[in-house]
Amino acid sequence: MDLLTRVLFGEDFDREHAPWRRLAAAAPFRRRPGASSGERLAMAYERLRTVNDTLASPAELAADARGLAALHEWLGPVDPAFTTVAGIHYNLFLGSLLDHAEREKGAARGTARDAAGSADVADFLALRRVGTFLCTEVAHGNDAVAVETTAVYDRERDGFVLRTPHAGAQKFMPNTSPVGGPKSGVVAARLLVDGTDHGVFLFLTPLTDAVGALPGVRVRRLPARLGSPVDHCLTSFDRVFVGRDALLGGAQGRIGDDGVFRSEQSNRRRRFLTSIGRVTAGKLSMSACAVGSARVTLALAVRYGGHRRISSSRGGERVPVFAHRSHHGPLVGALATVFAMTLLHRTALDAWESRTEADTDEAERLVAVAKGWISWRAREVIVESRERCGAQALLENNGMTELLAGIEGVITAEGDNLAIYAKAAAEMLFSAAPEPEPEPERERGSEPGAGAGPRPGDGSYGPAHRELTDPLFLDGLLVAVEGVWLARARRRMSQVPHGDSLARWNAASGAALRAVEAHAYRRASEAYAVAMAGLEPGPAPSPGASSVRSSASSSASSSVSSSVSSPSPSPSPSARDLLRSLRRLFALQWIDRNSGDLLAAGRLAPRHLDELPEAVEQLISRLAGHAPALVESFALPEEMLADWPISGAGYVDAYDDAEGAWHAVPAAPA
């Protein structure tokens, strides 16, 4: 495996990623031209069953945040509708059931419930019934803790009666139509026991059979959404009864055999967050989907840039459009960002998987911030890649429009980005400031000119004596950007009298949200540094070095590499050198955007403002010729890329006309 591929996907590629990569290349996931919206929706559920049949254990997948993320990372760019229904079934639905069953094992030992066991999940594991998740309502999205669907405990029947009290309480956008087979859902509803509201819990509820909605359940399709087709619906309940075992309780609360509600958590909001704990794994899956989609569109743009030739200034000579700085510059910048997105996603996934009780809140915040930052950056990368491919990329058969629409769904799913940024901003406002700039000890193997640096107390430590080639100087600037915006937010909040919390938040929120963005950039740069530390200096990646690459992209690689001129010949850089350049470009572009604030804060010298654009240009020039090798490190299957005509050198053939005059045999001269 290529070193850069290992950087992106980790040491355990064969176990964690290879199975999903193989599926992305397999026949069931090939594009079906001309399929209608209904046919594409049916295909999403067919693919769900195909995947389920390949699994050794669907329950193990539901319990594996890494596996779920990898599924989204590889198959999300192929079929966003499939990953929507798969993520709901395996994570939000089945994961919630299995988490509940695990919690109940300990609580029910030695009781009648121990003998009975928890909800039978066999039908869901075998996909005889598809699972869905009903949380948000027409009038309650980000404030789902305030949902108004009720579940009233009925003592005589020892169960709950679900009811939708008004139009605003209809469940909004679950995939509850009969398409795909009979369905059950976990329904977020307000638990009422003897008139007391105990907060929002999840209830396992049968919804449809093979024909339609079950008695008391009303399902209405919503208008078609932007992007790939999913059977999003409005769903309401008219006195639907479910048994006591339908409550997915635990420490947050349960109804005992005596009909009494008990909870180890007094805070109703905390009970709700415990009940929907699977949303955090969902955020990781959304980040993975965004990362995968950005990598695919960027790879398409780089490949197309190598295939598409235009007239040059030298008479009849034609060159790849990628040869132009105006074309390749934004794509090289996007490469630096996509590597950062991928590495931050891995960091968040590692943090969540290794969390302890003491650092769960911090890990959850990183997952949320990463989801917001990664999906917003993915939108930027996809839009840029689409523009670089011109009108070709506006056609549905070239894939980008579907992924552009899909990223909008990712930005909203599992917590709207702005809402989760706002939550993180509020937490950061009352936490410690970021760590100060590290002492200027040089990284081993840092760039030329960065070996001998200033020392505190020797009179040369100010910004005027620091260089933009110094990685520790750049690290300190990233910390400083975050600190500037946090200090600004705290200052603005302090200017508003206590007692009006909304006014205080409104005063601080603009700057606080910028601080969250800066925090994400800093964490992404740190993820780069960790990746670099794991690489020893070695040979440059080559198109044939990876066992997971295809040779079909070699023509684009050679076209781009030969057409992008370098200031001077130099030996091929190692994977570590390329990663260092990508990291530095990523940091400098962010620093450049914040250079005014850094100058005002005394963290940059005036000369740096002139040097920043030049440093960025030099890095783009250095990296442009390596763009094909960098996108090859994404390890995208050629079978998948072949579904989109612009990925290949013969893209014109997709538009050939067998009856065109150019195919006619010239008539013989008279």
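Trainee: Before we move on, can you summarise the overall build of the chain with the specific residues and values?
Mentor: In terms of helices and strands, the chain carries 23 helices and 12 strands. Within the chain, buried positions represent 54% of all 670 residues. The contacts in the chain between residues at least 6 apart in sequence include a share of 76% that link residues at least 24 apart. About 28100 Å² of surface is accessible on the chain, with carbon and sulfur atoms providing 53% of the total.

Trainee: Break down the environment of Asn91 for me, with residues and values.
Mentor: With respect to the helices, strands and loops of the structure, Asn91 is situated in helix α7 (residues 80-108). Every residue in contact with Asn91, bar those within four places of it in the chain, is listed here: Leu68, Ala86, Ser96, Arg278, Ala281 and Gly282.

Trainee: Could you give me a rundown of a nonpolar patch on the surface, with the residues and numbers involved?
Mentor: On the surface, a cluster of nonpolar side chains totalling about 230 Å² of accessible area is made up of Val138, Phe172 and Met173. Mapping Val138 onto the fold places it in the loop between β1 (130-134) and β2 (150-154).

Trainee: Just give me the short version of the packing of aromatic side chains, but keep the residues and values in it.
Mentor: Summed over the entire model, instances satisfying the criterion amount to 16 aromatic pairs. On the basis of an interplanar angle of 50° and a centroid distance of 5.5 Å, the ring pair of Tyr153 and Phe160 is categorised as tilted. Here the two residues Tyr153 and Phe160 agree in accessibility, since each one is buried. Directly above the aromatic system of Trp352 lies the positively charged group of Arg355, at a separation of 3.7 Å from the ring centroid. The lysine or arginine in question, Arg488, covers the ring of Trp485, its NZ or CZ lying 4.4 Å from the ring centre.

Trainee: Go over the pattern of salt bridges with me, naming the residues and quoting the values.
Mentor: A full pass over the atoms with the stated rule returns 44 salt bridges. Lys423 is the salt-bridge partner of Glu427, the closest N and O atoms lying 2.7 Å from each other. Taken together, the residues Glu427 and Lys423, both in helix α15 (residues 417-429) and four residues apart, mark about one turn of the helix. Classification of Glu427 as partly exposed rests on a relative accessible area of 27%.

Trainee: Give me the lowdown on the side chain of Glu402, citing residues and values where you can.
Mentor: Here Glu402 is to be found in helix α14 (residues 400-412). Reaching out from Glu402, the side chain makes a polar contact with the side chain of Arg40 at a distance of 3.0 Å. Apart from residues no more than four positions distant in its own chain, Glu402 is found in contact with Arg31, Arg40, Pro80 and Ser228.

Trainee: Requested: an account of the pairing of strand β5 (residues 183-193), with residues and values cited.
Mentor: Here β5 lies mainly inside the structure; 10 of its 11 residues are buried. Where β1 meets β5, five bridges bridge the pair, whose relative direction is parallel. Across the sheet, the residue bridging to Gly131 is Ser184, located in β5. Note: β5 against strand β6 (residues 196-208), 10 bridges, orientation antiparallel. Each residue of the ladder has a partner; that of Val186, found in β6, is Leu204. Between β5 and the antiparallel strand that follows it, β6, lie two residues; Asp194 among them carries a positive phi value of about 50°.

Trainee: Lay out the nonpolar core with the relevant residues and their values.
Mentor: Counting 159 residues, the largest nonpolar core has Trp20, Trp373 and Phe634 as its most contacted members. Of the residues forming this core, the biggest block, 15 residues, is contributed by helix α11 (residues 278-307). Those residues within four positions of Phe634 in sequence are excluded, and the remaining contacts are Leu8, Phe9, Trp74, Arg295, Leu298, Ala299, Leu335, Val338 and Phe339.

Trainee: Outline unusual backbone geometry, listing residues and values.
Mentor: A positive phi angle, close to 55°, is found at Glu414, a residue other than glycine. With respect to the helices, strands and loops of the structure, Glu414 is situated in the loop between α14 and α15. Positive phi, close to 60°, is recorded for Ala635, a residue that is not glycine. Considering the arrangement of structural elements, one finds Ala635 in the loop between α22 (627-632) and α23 (638-641). By relative accessible area, Ala635 is classed as buried at 1%.

Trainee: Give a detailed account of the environment of Met532, specifying residues and quantitative values.
Mentor: Along the polypeptide, Met532 turns up in helix α17 (residues 501-533). Under the relative-accessibility criterion, Met532 is labelled buried at 2%. Along the chain, Met532 and Arg583 lie 51 residues apart, while their C-alpha atoms are 9.2 Å from each other.

Trainee: So what's going on with the pairing of strand β8 (residues 233-243)? Which residues, and what values?
Mentor: The pairing of strand β3 (residues 159-163) with β8 spans five bridges and is classified as antiparallel. Residue pairing for β8: Val161 is matched across the bridge by Phe241. In terms of strand pairing, strand β4 (residues 171-172) meets β8 through two bridges, oriented antiparallel. Of the residues in β8, the one forming a bridge with Lys171 is Thr235.

Trainee: I'd like a description of a negative patch on the surface, backed by residues and values.
Mentor: The grouping of Asp653, Asp656, Asp657 and Glu659 at the surface amounts to a negative patch. Structurally, Asp656 is set in the segment after α23.

Trainee: Give a detailed account of helix α16 (residues 471-494), specifying residues and quantitative values.
Mentor: Taking 1.5 Å of rise per residue, 24 residues should cover 34 Å, and α16 covers 35 Å from first to last C-alpha, within 8% of that figure. Within α16, 17 of the 24 residues are buried, which leaves the element mostly enclosed by the surrounding structure.

Trainee: I'd like a description of the packing of α11 against α14, backed by residues and values.
Mentor: To characterise two packed helices, one gives the angle between the axes of the helices and the distance between these axes. Taken N-terminus to C-terminus, the directions of α11 and α14 make an angle of 155°; their axes are 10 Å apart at the nearest point. Comparing the axis directions of α11 and α14 gives the class roughly antiparallel. In this structure, the crossing between α11 and α14 has a hand that is left-handed. Between α11 and α14, the residues in contact are Met286, Cys289, Ala290, Ser293, Val296, Thr297, Leu300 and Ala301 and Met400, Leu403, Ile407 and Val410, respectively.

Trainee: How would you explain the confidence of the model for the chain if you had to name every residue and give the values?
Mentor: In the predicted model, the chain carries a mean pLDDT of 89, and 88% of its residues have values of at least 70. Here residues 456-460 is modelled with pLDDT under 50, and outside its nearest four sequence neighbours on either side it reaches seven contacts, counting other chains as well. When the criterion is pLDDT under 50, residues 565-570 qualifies, and its contacts beyond four places in sequence or with other chains add up to two contacts.

Trainee: So, the side chain of Thr164: which residues are in play, and what are the values?
Mentor: Along the chain, the position of Thr164 falls in the loop between β3 and β4. A polar contact of 2.8 Å, which involves the side chain of Thr164, links it to the backbone nitrogen of Phe237.

Trainee: Describe the environment of Pro613, with residues and values.
Mentor: Turning to its location among the elements, Pro613 is positioned in helix α21 (residues 606-624). Residue Pro613 is classed as partly exposed on the basis of its relative accessible area, which comes to 38%. Once the C-alpha coordinates of Pro613 and Leu588 are considered, the two residues, 25 residues apart in sequence, prove to be 8.7 Å apart.

Calculation notes
Residues numbered from 1 in each chain as written. Predicted model: local features only at pLDDT ≥ 70, side-chain atom pairs only at ≥ 80, totals over all residues. Heavy atoms only, no water. Helix = DSSP H or I, 4+ residues; strand = E, 2+ residues; numbered from the N terminus. Buried < 20%, exposed > 50% of the residue type's maximum accessible area, 1.4 Å probe, protein only. Contact = heavy atoms within 4.5 Å. Areas by Shrake-Rupley, 256 points an atom, 1.4 Å probe, with all protein chains shown as cover. Patch = residues over 30% accessible without salt bridge, like charges linked within 9 Å, V, L, I, M, F, W, Y side chains within 5 Å. Salt bridge = Lys/Arg side-chain N within 4 Å of Asp/Glu carboxyl O. Phe/Tyr/Trp six-rings, centres within 6.5 Å; stacked < 30°, edge-to-face > 60°. Lys NZ or Arg CZ within 6 Å of the ring centre and 35° of its normal. Polar contact = N/O pair within 3.5 Å; in protein donor to acceptor, adjacent residues only side chain to side chain. Pairing = 2+ DSSP bridges. Core = buried A, V, L, I, M, F, W, Y, C linked by side-chain atoms within 4.5 Å. Lys, Arg positive; Asp, Glu negative; His and termini not counted. Charge placed at Lys NZ, Arg CZ, Asp CG, Glu CD. Expected span 1.5 Å × (residues − 1). Axes fitted to C-alpha atoms, helices over the stretch in contact; angles between N-to-C directions. Parallel < 35°, antiparallel > 145°, perpendicular 65-115°, else oblique. Left-handed = near helix turned anticlockwise from the far one by under 90°. pLDDT = per-residue confidence, 0-100.

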